[in-house]
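# Inside the fold
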Amino acid sequence: MAGRRSSLGFLGMFGRSGDLRQLDAALRGADLHPALVPEGVKLTIVNLMKDHWPDEPPPGTYASVAQLCSYCIAGPETFERANGQERTLDAERRIEAALEAGDSFDAQIVLMTLHAKLINAEVVDRYGLSAE
């Protein structure tokens, strides 16, 4: 079985792969403009998704991942203004569960935003995050 491949495109000649287009759309849906997320980070996200779901991710996965990323990058207040209290509480529960689990898919997403220095300072302080 051939693995899914991700492509950024090249000089507008070769198009972006479907997984990156889906992630960009999901980031927009979570009120985070895709241009605010470096391409390397987006490639890392889709590669983490491929590791976790080798065939295809379940429906809604891109939206779920984008919401967690958006919360981490925008911070709680900005995220809540754009996405509402229910999605904010969901993102906060996911981060708390990720911290308890230690090595989960959500933990990898949070850690990736931390290492990429994209994470909001309030999120770092609230959850006592550090990159060591």
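Just above sits the structure.
Anyway, here's the lowdown on the structure attached to this text. (Residues numbered from 1 in each chain as written. Predicted model: local features only at pLDDT ≥ 70, side-chain atom pairs only at ≥ 80, totals over all residues. Heavy atoms only, no water.)

### A word on the layout of surface pockets
Where empty space is left becomes clear once a probe the size of a water molecule has been rolled over the atoms. For clarity, the cut-off: Grid points spaced at 1 Å and placed over the protein atoms alone form the basis of the search, with a cavity being a set where a 1.4 Å probe fits but cannot get out and a pocket an open set showing protein on both sides within 12 Å along at least five of seven lines. Lining residues have an atom within 4 Å of a point. Grid points are joined across faces, edges and corners, and a volume is the space filled by probe spheres set on the points. By definition, any uninterrupted DSSP run of H or I lasting at least four residues is a helix, any uninterrupted run of E lasting at least two residues is a strand, and each is numbered from the N terminus. Nonpolar residues are Ala, Val, Leu, Ile, Met, Phe, Trp, Tyr, Cys and Pro. Charged residues are Asp, Glu, Lys and Arg, and all others, Gly as well, are polar.
Computed from the structure, the largest pocket encloses a volume of approximately 200 Å³. Around the largest pocket, the lining residues are Ile95, Ala98, Leu99, Gly102, Asp103, Ala107, Gln108, Val110, Leu111, Leu114, Leu129 and Ser130. Among the secondary structure elements, those contributing two or more residues to the lining of the largest pocket are α5 (85-101) and α6 (105-115). Ranked by residue count, the leading element in the lining of the largest pocket is α6, at five residues. Of the residues in the lining of the largest pocket, the class split is eight nonpolar, three polar and one charged.

### Points about the packing of aromatic side chains
For clarity, the threshold we go by: Ring pairs are drawn from Phe, Tyr and Trp, using the six-membered ring of Trp, whenever the two centres fall within 6.5 Å, and their geometry is named by plane angle: stacked under 30 degrees, edge-to-face over 60, tilted for the rest. Only protein chains enter the accessibility calculation, which uses a 1.4 Å probe; a residue whose area is less than 20% of its type maximum is buried, one above 50% is exposed, and one in between is partly exposed.
Scanning the model with the defined rule gives two aromatic pairs in all. Ring geometry for Trp53 versus Phe105: centroids 5.0 Å apart, planes at 65 degrees, classification edge-to-face. Of this pair, Trp53 sits in the loop between α2 (39-52) and α3 (61-74) while Phe105 sits in helix α6, and the two are 52 residues apart along the sequence. On the basis of relative accessibility, which here comes to 10%, the residue Phe105 falls in the buried class.

### Structural notes on α5
The condition is simple: What a helix is expected to span follows from its residue count: subtract one and scale by 1.5 Å. Contacts were defined at the residue level, with two residues in contact if any of their heavy atoms lie within 4.5 Å.
Between its terminal C-alpha atoms α5 stretches 24 Å, which fits the 24 Å expected from 17 residues at 1.5 Å a residue. The elements touched by buried residues of α5 are α3, α4 (76-83), α6 and α7 (121-127). Two residues or fewer after α5 comes Gly102, characterised by a positive phi angle close to 85 degrees.

### A short note on the pattern of salt bridges
Using the following cut-off: Only one rule defines a salt bridge in this text: a Lys or Arg side-chain nitrogen within 4 Å of an Asp or Glu carboxyl oxygen.
In this structure the tally under the stated criterion is six salt bridges. The residue Lys42 makes a salt bridge to Asp24 at a minimum N-O spacing of 3.0 Å. Here Lys42, found in helix α2, pairs with Asp24, found in helix α1 (residues 18-29); they are 18 residues apart in sequence, far enough to count as distant. In this structure Lys42 comes out as buried when scored by relative accessible area, which is 1%. A salt bridge links Glu92 to Arg126, with the nearest nitrogen and oxygen atoms 2.6 Å apart. Remark: Arg126 occurs in helix α7 and Glu92 occurs in helix α5; sequence separation between them is 34 residues. A relative accessible area of 15% places Glu92 in the buried class.

### So, unusual backbone geometry
A positive phi is found at Asp31, a non-glycine position, where the angle reads about 65 degrees. With respect to the helices and strands, Asp31 occurs in the loop between α1 and α2. Located in the positive-phi region is Lys117, a residue other than glycine, with phi close to 60 degrees. Within the secondary structure layout, Lys117 lies in the loop between α6 and α7. Judged by its relative accessible area of 73%, Lys117 is exposed.

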